[in-house]
Amino acid sequence: MQSGCEQENKNKVCRSRGGESCAFDGAMIVLQPIADTAHIVHGPIACCGNSWEGRGSLSRKGMLDRMGFTTDISEIEIVYGAEEKLSCAIQETFDKVRPKAIFVHATCVSGLIGEDIEAVCTKAAADLGIRVIPVNAPGFVGPKNLGNRIAGEVLLDHVIGTGEPPPPFSSSLGKGGLRGVINLIGEYNIAGDLWLVEPVLNAAGINVLSKITGDASFEEITWAHRAKLNVVVCSRALINVAKEMERKYSIPYVEVSFFGKTEMSKALRRIAERLQEGGENIIDKIPLHPPFTKGDISPSLEKRGQGRFFQIESIIAREEKQLEEKLKIYSHLKGKKAVLYTGGVKSWSFISALIDLGIEVVAVGTKKSTFEDEEKMKEILGPDAPLIEDVTPANLRRLMKERNADMLIAGGRNLYLAVKEGFPFVDVNQERHIAYAGYEGLVNLAQQISNSVRFYNENRSYKSYKTYVDKSLGTSVVINPLKHSQSIGAAIALQGIDRALPIIHGAQGCTFLGKVLITKHFREPIALASTKLFTEDVVMGSEEALVKVTEGFIEKQTPGLIGVLSSGLSEVKGDDIQSAISNQRSAVNGINRQCHIVHIPTPDYEGGMETGYATAVEAVLRGILDKSRKEIRGQINVLAGLHLTPADFNELREIIESFGLCPVFLPDLSALDGSREGSSPLATGGVTVSEIGSMNSSMFTIAIGMSMEAPAKYLYGTYGIEYKLLESVAGLRGSDDLMITLSAISERPVPEKYVRQRRSLSDGMRDAHYYLSGKKICTALEPDMSVQTSAWLNEMAADVELAVIPCCSEAADRINSKRTIVSDLFSVNGDFDLLISSSHAADTADRLGVPLYQTGFPVYKVMGHTSKTTIGYRGSLAMINEVANVFLHERH
Ligand code: SF4
């Protein structure tokens, strides 16, 4: 049997290049679940920053899988080499978290500059006395699948066969083996899948020796070569491990799936069969279960093998009976229709699971499936299986409607397609939070589908929803990064421009991981594309790829603006993006298409999310504005920073308009307030390109957040448009500054409505100060957000003991804190009453034993963040009350 990657027809496999992340991410997916080992990502911030905490594996063997480690290499280190920094990072990681082993992952940039990771690892291993293992899967070598396979090879070369199991396995193995000892390969314990399967296996007398790699310890993988059978759960990813172990250690393997009743029962029978073929008799060891009693061997079971499977059948009968009982309350799902789009083994095993629930599968997306997967789909659904290759959002939407489907079962990336269209949706990919494996997992699946169907039936309106500053980190390793790459900031900025499309010029992983991260925060469809560079483009030159991708989008989607974001890979390669774009601009003008193409330099080895955002805003202004200026009375430019929520943009507009002014926001992130309709590869809503074109005629510019001063200065320097920089528009003083500025520009008094809101805020602040004053706060936020937050906390007489920011910024000096450091979340230490940071800081708050108030980016562990107003009198009052409530709840 062959994995997808080894199929003869490579084209089929290569199609998976389109919708997936990169080889680096694939290797991390396989190796990171080993929770007592550390994974150092050797590269600039993007690779680790966009992906840590993004994978759904769970473990009881350690905490390190939930942490991110990166060398976060800078431009200077790219020029002079970062091997020394990597050595220090390995040592620091060892000192700080005492891992059982360390994996060091190459990325596009470290791969391209030729870092000798292997030599560094060999030396570090000798110095530290633990295994330090290089993983050479930089993103440009291929898609996620390839990374999975490379990780499998790493385990074969460096881990499997290097240890021996302890008792009881060791003693039994010596005497012919503990009964039913298997390895599970390709089971990552997503959302706890394994924990629903292992008890059933144990009850059936099947013992799991090593898990590769969900809920695994490093040590248990070292003795995997002692198992009697390898059970491959995701054939596409790690079949190479099973094949090599068969060759090297004579361990046979069997491929199964644990999703759904039919597949789970089939899996138990196949495992038992293969163990018995290998001389393993598992039946004496296990108790009988109702409905069977000793000697009660049914004729059909006899026929299946003279009672050999008696106990297995007994377990299956017990589990299926219990399942049947539990599924009774979901009988209303029978006859419903589903469109399914997922990848690998799930693509066919979820068909089977849905059929178990009586749900008809009316279309199956096959873009991420191998030919072998497709054959299995046909085995289940028959030769006329409704397999669909085109899984673009537009086609999925069409299929849902044409086939009268009741639900979409797919990966999280399709969530917002479903939400916008009002389709019940269940996420079955690796980002999910619910376990679906085993018999119990099918009950969970039924419950999720049922909840979703009920919700949309009861909310049909959704259908019509058309809808002292320490600036040096001083360490070589960044653990649990606070920092995000510049391209993330630039990509967010372009979401606020109607019909804009950011394209990251680099390997596909950055875009994939970035899109997942931004989507998670805003809970909206996000426009972000990639030029998808692979090894051949890296060697031969990639400007052609850029031109091809850009022209493809111009032809098909007619965007108003394309922002080409450079990545660490394209910058280090030295691509001349600017001239590629200039040539293309003439070609585009030649075919008379109205599309602006701007180059936004966002290398991920310098700056951070805020600088990327500001760079994008300035690049758009430079790219769109012409030289002429004819002042438009009453029009003002608003350059609002990344620290404002979409709801803040709406609030700001309302405030400005109440002064009789006409604001042009760049960008206008109110487009991400949940009002986006349908799904499009382009950003929809927000400021239009023609509105941006008028910004050189505005009478004034307001820049909100220090990072936005640079584009405001550009407008001033080029067009003489005066500007005012507002460091904060929250709290009493920040809101007052905004009102005073608007009053001065418009020459009107502050409207009565805001005078009244001000009184409410003053009163609310007095009420809330009982809970906030004197409290010791730690903030871990982007610089502009830190300035604003520290300002209103100071008004509440709370003390910002420590402000942690991700990178150096001029704003650092303006943070009203006792101490400000450039650092990561792992370095946050001290005696605080509250931590204010993003969702990434949940574990940090647990470690410190303090509550976490979630804000900044990304926020995905609380609902409603993007619809929260946090500025102006009204928004500030709401936010202050929320924070005060944290302390109020603590007290009671
Ligand atoms: S594609 Fe992006 S995320 Fe993947 S290794 Fe390359 S730079 Fe990192």
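See the structure printed just above.
Right, let's walk through the structure included here. Since the structure is predicted, the reported quantities are computational estimates derived from the model, not experimental observations.

### Some details on the overall build of the protein chain
Piece 1. Helix and strand counts for the protein chain come out as 35 helices and 28 strands.
Piece 2. The proportion of buried residues among the 892 residues of the protein chain is 63%.
Piece 3. Total accessible area on the protein chain is roughly 32700 Å²; 49% of this is exposed by carbon and sulfur atoms.

### As for the sheet that holds strand S10 (residues 360-365)
Piece 1. Spatial ordering of the open sheet is given by S11-S10-S9-S12-S13, a layout of five strands whose pairing is parallel. Unpaired on one side and paired on the other, strand S11 (387-388) and strand S13 (425-427) mark the two borders of the sheet.
Piece 2. Both strand S9 (residues 337-341) and strand S12 (residues 407-410) contribute to a ladder of four bridges, which runs parallel. Each bridged residue has a counterpart across the sheet, and for Leu340 the counterpart in S12 is Ile409.

### Quick word on helix H31 (residues 731-746)
Piece 1. Taking 1.5 Å per residue as the helical rise, H31 with its 16 residues ought to reach 22 Å, and the 22 Å between its terminal C-alpha atoms agrees with that figure.
Piece 2. For H31, a buried count of 12 out of 16 residues is recorded, marking the element as mostly surrounded by other parts of the structure.
Piece 3. Here H31 has its buried residues at Gly731, Leu732, Gly734, Ser735, Asp736, Leu738, Met739, Thr741, Leu742, Ser743, Ile745 and Ser746.
Piece 4. The first or second residue beyond H31 is Glu747, which carries a positive phi of 60°.

### Quick notes on the packing of aromatic side chains
Piece 1. This structure, assessed with the given rule, holds six aromatic pairs.
Piece 2. The interplanar angle of 70° and the centroid separation of 6.3 Å between the aromatic rings of Phe103 and Phe218 together place this pair among those described as edge-to-face. Of this pair, Phe103 sits in strand S3 (residues 101-106) while Phe218 sits in helix H11 (residues 218-222), and the two are 115 residues apart along the sequence. Neither Phe103 nor Phe218 differs from the other in exposure class; each is buried.
Piece 3. Ring geometry for Phe350 versus Tyr436: centroids 6.3 Å apart, planes at 85°, classification edge-to-face. Taken together, the positions of Phe350 in helix H16 (residues 344-356) and Tyr436 in the loop between S13 and helix H20 (438-458) put the pair 86 residues apart, joining distant regions of the chain. Pair check on accessibility: Phe350 and Tyr436 agree, each one buried.
Piece 4. Through a chain of ring-to-ring contacts, the aromatic side chains of Phe259, Phe350 and Tyr436 assemble into a single cluster.
Piece 5. Taking the ring centre of Phe887 as reference, the NZ or CZ of Lys775 above it sits at 5.0 Å.

### A word on the sheet that holds strand S16 (residues 500-505)
Piece 1. The four strands are arranged S17-S16-S18-S19 in an open sheet whose pairing can be described as parallel. In the strand order of this sheet, the two ends are held by strand S17 (529-530) and strand S19 (596-600), each with one partner.
Piece 2. The strands that helix H24 (residues 543-557) touches are S16, S17, strand S18 (561-566) and S19; relative to S16, the one it contacts most, it runs at about 165°.

### Observations concerning unusual backbone geometry
Most peptide bonds adopt trans geometry, and most residues besides glycine take a negative phi value.
Piece 1. Here the bond from Ile212 into Thr213 is cis, since omega is 10°, no more than 30 degrees from zero.
Piece 2. For Thr213, the location among the structural elements is in strand S6 (residues 207-213).
Piece 3. With an omega of -5°, the peptide bond between Phe857 and Pro858 qualifies as cis.
Piece 4. Positionally, Pro858 belongs in the loop between strand S28 (852-854) and helix H35 (872-891).
Piece 5. One non-glycine residue, Ala191, adopts positive backbone phi at about 55°.
Piece 6. Of note in this structure, Ala797 is not a glycine but carries a positive phi near 65°.
Piece 7. If you trace the backbone, Ala797 turns up in the loop between helix H33 (783-795) and strand S25 (799-805).

### Section: the pairing of strand S20 (residues 635-640)
Piece 1. Counted residue by residue, S20 has six buried out of six residues, so it is predominantly covered.
Piece 2. Here S20 shows no split at all, with Gln635, Asn637 and Leu639 on one side and Ile636, Val638 and Ala640 on the other all buried.
Piece 3. Where S20 meets strand S21 (residues 662-665), four bridges bridge the pair, whose relative direction is parallel. Residue Ile636 lies in a different strand from S21, and its bridge partner there is Pro663.
Piece 4. Relative to strand S22 (residues 700-704), S20 runs parallel, the two being bridged by five bridges. The residue of S22 that forms the bridge with Leu639 is Ala703.

### Considering helix H10 (residues 193-203)
Piece 1. Three or more residues of H10 are buried, namely Asp193, Leu194, Val197, Glu198, Val200, Leu201 and Ala203.
Piece 2. Just downstream of H10 lies Gly205, where phi reads positive at about 80°.

### Let's talk about the site of the ligand
Piece 1. The environment of the ligand is formed by Cys22, Phe24, Cys47, Thr107, Cys108, Gly139, Ala507, Gly509, Cys510 and Leu513.
Piece 2. Examining the composition of the shell around the ligand, we find that three residues originate from one element, helix H22 (residues 508-522), more than from any other.
Piece 3. When grouped by side-chain class, the residues that make up the shell around the ligand number seven nonpolar, three polar and no charged.
Piece 4. Both domain 1 (4-158) and domain 4 (486-624) contribute no fewer than three residues apiece to the shell around the ligand.

Scoring rules and cut-offs
- Residues numbered from 1 in each chain as written.
- Predicted model: local features only at pLDDT ≥ 70, side-chain atom pairs only at ≥ 80, totals over all residues.
- Heavy atoms only, no water.
- Helix = DSSP H or I, 4+ residues; strand = E, 2+ residues; numbered from the N terminus.
- Buried < 20%, exposed > 50% of the residue type's maximum accessible area, 1.4 Å probe, protein only.
- Areas by Shrake-Rupley, 256 points an atom, 1.4 Å probe, with all protein chains shown as cover.
- Pairing = 2+ DSSP bridges.
- Expected span 1.5 Å × (residues − 1).
- Phe/Tyr/Trp six-rings, centres within 6.5 Å; stacked < 30°, edge-to-face > 60°.
- Lys NZ or Arg CZ within 6 Å of the ring centre and 35° of its normal.
- Contact = heavy atoms within 4.5 Å.
- Axes fitted to C-alpha atoms, helices over the stretch in contact; angles between N-to-C directions.
- Near = heavy atom within 4 Å.
- Nonpolar A, V, L, I, M, F, W, Y, C, P; charged D, E, K, R; others polar.
- Domains from an automatic or database assignment.

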